[in-house]
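Results of the structural survey
Okay, here's what each chain looks like letter by letter:
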Amino acid sequence: MNKVILMGRLTRDPEVRYSQGESPLAIARYTLAVDRRFNRGNGGDEQNADFINCVAFGKAGEFAEKYLHKGTKMAITGRIQTGSYTNKDGVKVYTTEVVVEDQEFAESKNSQGGQDGGYSRPMPSGADDGFMNIPGGIDDEIPFN
């Protein structure tokens, strides 16, 4: 089984290209910075990040182009794919990337400090404390008074 689940932040805006042909296919590439925590044994946790290359095709690529931006926290699932090519100097280069099958926002837009990316649900008008006001005269209809 080849299944990957990652959560991290985009290091830059996705790079999106479209394939040639009658029905062009969106191909979005982006890098996720995924935290890696480890304990040195001296009582202090250190934090590093792994930078994982991701590629999303088709509708997932179009979604990335439209909604994802640098700093957006994402949770993705996919599969690892390896490959190789020979660069212009004749050196064989090996690649590893995650082919995205599903991608979701991992935090609301508001928790990012208003940066682009993410999403938020609008609050009902007049909800200063996060609760909706109940109109007067219907107290008897509420079962949990």
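On a predicted model such as this, the values are computed, not experimentally measured, just so you know.

**Regarding the packing of aromatic side chains**
Tallied over the entire structure, the rule returns 2 aromatic pairs. Judged by centre distance (5.0 Å) and plane angle (45°), the ring pair of Phe-63 and Tyr-67 falls under tilted. Of the two residues, Phe-63 and Tyr-67 both sit in helix α1 (residues 59-67), 4 residues apart, roughly one turn of that helix. Seen from their ring centres, Phe-63 and Phe-105 are 5.7 Å apart, and the 50° between their planes marks the pair as tilted.

**Re the pattern of salt bridges**
Summed over the entire model, instances satisfying the criterion amount to 6 salt bridges. With a closest N to O distance of 3.6 Å, Lys-3 and Glu-101 form a salt bridge. Separated by 98 residues along the polypeptide, Lys-3 in the segment before β1 (4-10) and Glu-101 in strand β6 (residues 92-105) bring together distant segments of the chain. Overall, the relative accessible area of 45% leaves Glu-101 in the partly exposed class. One connected set of salt bridges, linked through shared partners, spans Lys-3, Arg-79 and Glu-101.

**With respect to the nonpolar core**
Of all hydrophobic cores here, the largest spans 17 residues; its most connected members are Leu-6, Tyr-30, Leu-32, Cys-54, Leu-68, Met-74 and Ile-76. Going through the elements one at a time, β1, β3 (26-39), β4 (45-57), α1, β5 (73-86) and β6 are the ones with two or more residues in this core. Element by element, the count of residues in this core is highest for β3, at 4 residues. The contact partners of Leu-68, leaving out residues within four places of it in the chain, are Leu-10, Pro-14, Tyr-30, Phe-63, Met-74, Gln-103 and Phe-105.

**A word on the side chain of Glu-107**
Secondary-structure assignment places Glu-107 in the segment after β6. Looking at Glu-107, its side chain comes within polar contact range of the side chain of Arg-9, at 2.8 Å.

**Some words on the confidence of the model for the protein chain**
Mean pLDDT for the protein chain: 82, with 69% of residues reaching 70 or above. Scored below 50 in pLDDT, residues 113-127 makes 23 contacts in the model with residues more than four places away or belonging to other chains.

**Re the side chain of Thr-31**
Tracing the backbone shows Thr-31 in strand β3. Residue classification places Thr-31 among the buried residues on the basis of a relative accessible area of 8%. Reaching out from Thr-31, the side chain makes a polar contact with the side chain of Asn-53 at a distance of 3.1 Å. Not counting the four nearest positions on each side in its chain, Thr-31 is found in contact with Arg-9, Leu-10, Thr-11, Arg-12, Phe-51, Ile-52 and Asn-53.

Scoring rules and cut-offs
Chains are numbered independently. Their residues run from 1 in the order of the written sequence. With pLDDT at 70 or above as the cut-off, local features in this predicted model cover only qualifying residues; side-chain atom pairs require 80 or more to be listed or tallied, and sums for whole chains, interfaces and linings still use all residues. For the side-chain quantities, the full set of heavy atoms in the structure was used; hydrogens and water were omitted. Within 6.5 Å between ring centres, the rings of Phe, Tyr and Trp (the latter by its six-membered ring) count as paired, and their orientation is classed by plane angle as stacked under 30 degrees, edge-to-face over 60, tilted in between. Secondary structure elements are defined from DSSP: runs of H or I of at least 4 residues count as helices, runs of E of at least 2 residues count as strands, and each element is numbered from the N terminus. Salt bridges are counted wherever a side-chain nitrogen of Lys or Arg sits within 4 Å of a carboxyl oxygen of Asp or Glu. The buried label goes to any residue with under 20% of its type's maximum accessible area, the exposed label to any with over 50%, and the partly exposed label to all in between, with areas taken from a 1.4 Å probe on protein chains only. Side-chain atoms within 4.5 Å are what join buried Ala, Val, Leu, Ile, Met, Phe, Trp, Tyr and Cys residues into a set we call a nonpolar core. Should any heavy atoms of two residues lie within 4.5 Å, those residues are counted as being in contact. Polar contacts, as used here, are pairs of N or O atoms within 3.5 Å; protein pairs need one atom able to donate a hydrogen and one able to accept it. Residues neighboring in sequence count only if both atoms are side-chain atoms. As a per-residue quantity, pLDDT reports the predictor's confidence and falls between 0 and 100.

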